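Descriptive analysis of the structure
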Amino acid sequence: MPTIRTEIVLLDVIGFSSSSSKRQYKIVRLITEKAKEAFSILKSPARLSATAVAYGFIATGDGFFLVLNPVMRGYGTLLAASLRSALLLASEQANGLFRGIRISKHIRSIS
């Protein structure tokens, strides 16, 4: 199996697991919507489809992680900051849907 070196963006929704199922569903929908918006912005410079920006969007329990396509390496920090900002604004507009978002970005080799 070949090894790829890429960026992984982690999103931790503060208080997600202690939220009701209905609220969790709303949070997941909001994050999915904002991630798709960010993907469509990032896909243009690399001439990729929105789905080719990330290899995976995986739930972790209290958040999600995104495994970026290796051609997007270098955009992880921009994606993380953009997503955090968009999600905090959207949460505020939704009457405080969640308390906050912690985001980190890592560079990893994956096989």
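Looking now at the nonpolar core. Membership of the largest hydrophobic core comes to 24 residues, with the highest contact counts inside it found for Leu79 and Phe98. Of all the elements in the fold, those that place two or more residues in this core are β1 (4–13), α1 (21–46), β3 (63–68) and α2 (76–93). If you tally residues by element for this core, the top one is α1, at six residues.

Turning our attention to the pairing of β3. In terms of burial, β3 is largely enclosed, as five of its six residues are buried. Summarising the sheet, strand β2 (residues 54–59) and β3 pair through five bridges and their orientation is antiparallel. Opposite phenylalanine 57, over in β3, you have leucine 66 as the bridge partner.

The next thing to look at is the confidence of the model for the protein. Looking at the protein, pLDDT values average 85 and 91% of them are 70 or higher. Element-level pLDDT for the protein is lowest in α1, with a mean of 81, against a maximum mean of 91 in β1.

To continue, consider unusual backbone geometry. Trans peptide bonds make up most of the peptide bonds, and negative phi angles are found at most residues other than glycine. Positive phi values are uncommon outside glycine, yet asparagine 95 reaches one of about 55°. Summarising the element assignment, asparagine 95 is placed in the loop between α2 and β4 (101–110).

Let us look at the sheet that holds β3. With respect to topology, four strands assemble into an open sheet ordered β2-β3-β1-β4, the strand pairing being antiparallel. Each having just a single partner strand, β2 and β4 make up the two edges of the open sheet. Looking at each pair of strands side by side, their axes are set apart by 15° on average, direction ignored.

Calculation rules
- Per-chain numbering applies: the sequence of each chain, read as written, is numbered from 1 onward.
- Two thresholds apply to this predicted model, a pLDDT of at least 70 for residue-level local features and 80 or more for giving and counting side-chain atom pairs, whereas whole-chain, interface and lining totals are computed over all residues.
- Heavy atoms from the whole structure form the basis of all side-chain values; hydrogens and water molecules are not counted.
- By nonpolar core is meant a set of buried Ala, Val, Leu, Ile, Met, Phe, Trp, Tyr and Cys residues that side-chain atoms within 4.5 Å join together.
- Each residue gets one of three labels from its accessible area relative to the maximum for its type: buried under 20%, exposed over 50%, partly exposed in between, using a 1.4 Å probe on protein chains only.
- Runs of E in the DSSP output that reach at least two residues are strands. Runs of H or I that reach at least four are helices, and both are numbered from the N terminus.
- Between any two strands, pairing holds if DSSP finds at least two bridges.
- In predicted models, pLDDT denotes the confidence assigned by the predictor to each residue on a 0 to 100 scale.
- Every angle, taken between N-to-C directions, lies between 0 and 180 degrees, and every axis is a line fitted to C-alpha atoms, over only the stretch in contact when it is a helix.

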